[in-house]
Amino acid sequence: MQLGQVFPEQYQALLSEKADSMQQLFAPFGVEQAEVFPSAPAHYRLRAEFRIWHEGDDMFHIMFDPETKTKQRIDYFPIACNTIADFMPVLLQALKQRPLLRNRLYQIDYLATLSGELVVSLIYKKPIPPEWAAEAASLKAEFAALYKVDFIGRARKQKILVDRDFVIERLQVQQQQLHYQQIENSFTQPNGEVNQKMLGWACDIAKNLRGDLLELYCGNGNFSLALAPYFDQVVATEIARSSIRCAEYNIALNQINNVRVLQMSAEDVSAALSQGQQLKNIDLAGLQLNTILVDPPRAGLDPATEQLVSRFDDILYISCNPETLAHNLQTLCKTHQVQKFALFDQFPYTHHIECGVWLRKIIL
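Read on for an overview of the structure. (Residues numbered from 1 in each chain as written. Predicted model: local features only at pLDDT ≥ 70, side-chain atom pairs only at ≥ 80, totals over all residues. Heavy atoms only, no water.)

### Quick notes on the overall build of the protein chain
Then, number 1: Counting secondary structure elements, the protein chain contains ten helices and 17 strands.
Then, number 2: For 364 residues, the compact-globule estimate of 2.2 N^0.38 gives 21 Å, and the protein chain sits close to it at 22 Å.
Then, number 3: Here the C-alpha coordinates of the protein chain stretch approximately 75 × 45 × 35 Å along the principal axes.
Then, number 4: For the protein chain, with 364 residues in total, the buried portion stands at 53%.
Then, number 5: Residue pairs in contact within the protein chain that sit at least 24 positions apart in sequence constitute 66% of those at least 6 positions apart.
Then, number 6: Entry remark: accessible area of the protein chain is about 16900 Å², with carbon and sulfur atoms responsible for 50%.
Then, number 7: Across the protein chain, 34 positive and 41 negative side-chain charges occur, with their mean positions spaced 6 Å apart. (Helix = DSSP H or I, 4+ residues; strand = E, 2+ residues; numbered from the N terminus. Rg over C-alpha atoms; globule rule 2.2 N^0.38 Å. Buried < 20%, exposed > 50% of the residue type's maximum accessible area, 1.4 Å probe, protein only. Contact = heavy atoms within 4.5 Å. Areas by Shrake-Rupley, 256 points an atom, 1.4 Å probe, with all protein chains shown as cover. Lys, Arg positive; Asp, Glu negative; His and termini not counted. Charge placed at Lys NZ, Arg CZ, Asp CG, Glu CD.)

### Some remarks on the pattern of salt bridges
Then, number 1: Here the structure, examined in full by the defined rule, presents 18 salt bridges.
Then, number 2: In this structure, glutamate 117 and arginine 164 form a salt bridge, with 2.6 Å as the shortest nitrogen-oxygen distance. Taken together, the residues glutamate 117 in strand β6 (residues 117-124) and arginine 164 in the loop between β8 (158-161) and β9 (166-173) connect sequence positions 47 residues apart.
Then, number 3: Here glutamate 117 falls in the buried class, since its relative accessible area comes to 3%.
Then, number 4: Sharing partners across several salt bridges, the network here consists of Glu117, Lys140, Lys148, Asp150, Asp163, Arg164 and Arg170. (Salt bridge = Lys/Arg side-chain N within 4 Å of Asp/Glu carboxyl O.)

### A closer look at the nonpolar core
Then, number 1: With 40 residues, the main nonpolar core has Phe26, Leu214, Leu279, Ile292 and Phe341 as its most contacted residues.
Then, number 2: Sorting elements by how many residues they give to this core places helix α1 (residues 8-26) first, with five residues.
Then, number 3: Ignoring anything within four residues of it in the chain, the contact list for phenylalanine 26 reads Val31, Pro322, Leu325, Ala326, Leu329, Phe341 and Cys355.
Then, number 4: Of all hydrophobic cores here, the second largest spans 37 residues; its members include Met59, Phe77, Leu118 and Phe143. (Core = buried A, V, L, I, M, F, W, Y, C linked by side-chain atoms within 4.5 Å.)

### Some thoughts on the side chain of glutamine 189
Then, number 1: Mapped onto the elements of the fold, glutamine 189 is located in the loop between β10 (176-183) and α5 (192-206).
Then, number 2: Taking the relative accessible area as the measure of exposure, glutamine 189 reaches 10% and is therefore buried.
Then, number 3: Only 2.9 Å separates the side chain of glutamine 189 from the side chain of glutamine 346, close enough to count as a polar contact. (Polar contact = N/O pair within 3.5 Å; in protein donor to acceptor, adjacent residues only side chain to side chain.)

### Observations regarding the environment of glycine 300
Then, number 1: By secondary structure assignment, the location of glycine 300 is in the loop between β14 (289-294) and α9 (303-309).
Then, number 2: We classify glycine 300 as buried; its relative accessible area is 11%.
Then, number 3: Here the alpha-carbon distance between glycine 300 and cysteine 320, two residues 20 residues apart in the chain, equals 8.6 Å.
Then, number 4: If we ignore the near neighbours within four places in the chain, the residues touching glycine 300 are Tyr317, Thr324 and Asn328.

### Here's the deal with helix α10 (residues 322-332)
Then, number 1: Within α10, eight of the eleven residues are buried, leaving the element largely enclosed by the surrounding structure.
Then, number 2: Where α10 is buried, its residues touch α1, α9, β15 (314-319), β16 (336-344) and β17 (354-361).
Then, number 3: The backbone nitrogen of glutamate 323 lies 3.0 Å from a side-chain oxygen of the residue at the head of α10, namely asparagine 321.

### Some points on unusual backbone geometry
Then, number 1: Non-glycine residue histidine 43 carries a positive phi angle of around 55 degrees.
Then, number 2: By the element assignment, histidine 43 lies in the loop between β1 (35-37) and β2 (47-55).
Then, number 3: Owing to a relative accessible area of 25%, histidine 43 belongs among the partly exposed residues under this scheme.
Then, number 4: One non-glycine residue, tyrosine 349, lies in the positive phi region at around 65 degrees.
Then, number 5: Looking at the element boundaries, tyrosine 349 is found in the loop between β16 and β17.
Then, number 6: With a relative accessible area of 21%, tyrosine 349 lands in the partly exposed category.

### Comments concerning the pairing of β17
Then, number 1: Where burial is concerned, most of β17 is hidden: six out of the eight residues are buried.
Then, number 2: Both β15 and β17 contribute to a ladder of six bridges, which runs antiparallel. Looking at the pairing, aspartate 314 lines up with arginine 360 of β17.
Then, number 3: Two strands pair when backbone bridges link them, and β16 and β17 are joined in this way by eight bridges, in the antiparallel orientation. The partner of glutamine 337 across the bridge, within β17, is arginine 360. (Pairing = 2+ DSSP bridges.)

### Some remarks on the pairing of β15
Residues in a regular strand point their side chains to alternate faces of the sheet.
Then, number 1: Of all six residues in β15, six are buried; the element is thus mostly enclosed.
Then, number 2: Burial of the side chains of β15 extends over both faces: Asp314, Leu316 and Ile318 are buried on one face and Ile315, Tyr317 and Ser319 on the other.
Then, number 3: For the segment spanning β14, α9 and β15, crossover handedness is right-handed. (Right-handed = clockwise from strand over helix to strand, strands pointing away.)

### A look at the environment of proline 38
Then, number 1: Tracing the chain through its elements places proline 38 in the loop between β1 and β2.
Then, number 2: Sequence separation between proline 38 and serine 16 is 22 residues, and the spatial gap between their C-alpha atoms is 10.0 Å.
Then, number 3: Other than its neighbours up to four places away in sequence, proline 38 contacts Tyr11, Leu15, Val194, Lys197 and Asp345.

On their own, these measurements won't tell you what the molecule is for.
Have a look at this one:
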């Protein structure tokens, strides 16, 4: 199969297969019918990474087949949003005319937004010479009339900015327009349209909730900002310092005053709450932490965090790995009952799918 292609005529059938598989996996937990949020069948991905192959005067994007490890030339990439897909061949043509930028170019990473911003990382195998910055600035100026693009040069222990290393995403969630700084080389949701649906689903649930929210694994504040209007206070935690800075930037950018972000691991939060300690400088006695939101990595929740989560009245669990979600539900469904379950097709044409579940504590 040709890598990086889309098959719109097959999309609905493939999505139905994934939904049927998930229905079987989660039926033991009382999931009768999951809501399914589809993706656009093409031009849906806001991030893309490619190796660059040089053959004489030619150069092109390539991908490696995960099974055969053979390389495939990519001249057009309809998986990527139009901003990236249309810019890829234009950029390569321009780079061919600029030896300083093309020499020893090893990889190109693209990060775009639904609103059309773009940051491109040019990654090299050898140290980047001092004159690179001026040449990249000239390239940016060449595209200025048609593209809102920034360039970054990367090599081992080098990162050179022409202007900035981030984009500002604009998402419409319910009646809110939210702005998110997204930094290159850090995690962001790759499917912007589906991310909007995911945030909207969480907001619909939050309308039924009360008190304050504790969020683990908050990243750049993706959920924190969207859910802030529905809670008195939001306490969000994250371990990565770069994500903390980004979340704080986004809180200020959106002029939100009821979200506080702490640099703490889920394990540290679990230990602090189980021992009745403060979360850094936050006095928990003044909060009504009735709801918790978790968006863990693929490994899911560790046993200590499972126990912490099970103490809350309401749980919002966003999962990128259905298998570990099912494992965690074996514990959580001893104390809670599934209220809503949703599937978000972040990754069309793959077996991957994002899940969302709302659980409420069982009252005996």
